[in-house]
Amino acid sequence: MTTKIKMCPEDIIPLASIDYEGVNVDRCPMCGGIWCDANELDKIIESKIKKFDKETINNVKDLNVPSLELNIGKLKLIARKCPVCNEDMSKSDFSSNIKISVDRCIKDHGLWLDEYEIERIQILRELKK
Ligand SMILES: [Zn+2]
Ligand SMILES: [Zn+2]
């Protein structure tokens, strides 16, 4: 195997390859963050295997507000590094109507999602339809 091991940008430990709704993604065993290669997230969002209950959906709806000033305090001064190319990633909202800030590789290798963000994105995508 010559595949380079991807590391968690947060904990600097190797990511474990897992199956998420039929798509292979890399998950950190420590913080639960997930690395999705550029096209993997679309596949997951389209798959819609996971079903969410009403309460979960409502909680997520309430959280979908523009990134607040108060979040700035939590932001790290050092940008997370892309597990593929090790360049700094840039933080931005997932999309114009999904206000979840994710780390994206500036070279488009993929994006880093904190624990549960992938579920939140899936739910919000569903709601927009
Ligand atoms: Zn981690
Ligand atoms: Zn990269």
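Up top is the structure these notes are about.
Computed from a predicted structure; not experimentally measured.

(A) Fine view of the sheet that holds strand 1 (residues 16–20). Read from one edge of the open sheet, 6 strands run 1-2-3-6-5-4, paired in antiparallel fashion. Across the chains shown, the open sheet's two edge strands, defined by having one partner strand only, are strand 1 and strand 4 (89–95). Between one strand axis and the next, the sheet turns through 40° on average, direction left out of account. Running over the sheet, helix 1 (residues 40–47) touches strand 1, strand 2 (23–27), strand 3 (34–37) and strand 6 (110–113) and is turned about 120° from strand 2. Strands strand 3, strand 4, strand 5 (98–105) and strand 6 of the sheet are contacted by helix 3 (residues 117–127), whose axis makes an angle of about 130° with strand 5.

(B) The arrangement of unusual backbone geometry in detail. Notably, Glu21 is not glycine yet its phi reads approximately 50°, a positive angle. Topologically, Glu21 is positioned in the loop between strand 1 and strand 2. Classification of Glu21 as partly exposed rests on a count of 15 C-beta atoms within 10 Å. Positive phi values are uncommon outside glycine, yet Asn86 reaches one of about 65°. Note on placement: Asn86 falls in the loop between helix 2 (54–63) and strand 4.

Calculation notes
- Residues numbered from 1 in each chain as written.
- Chains lettered and ligands numbered in written order.
- Predicted model: local features only at pLDDT ≥ 70, side-chain atom pairs only at ≥ 80, totals over all residues.
- Pairing = 2+ DSSP bridges.
- Helix = DSSP H or I, 4+ residues; strand = E, 2+ residues; numbered from the N terminus.
- Axes fitted to C-alpha atoms, helices over the stretch in contact; angles between N-to-C directions.
- Contact = placed C-beta atoms within 7 Å.
- Buried ≥ 20, exposed ≤ 12 C-beta atoms within 10 Å, placed from the backbone.

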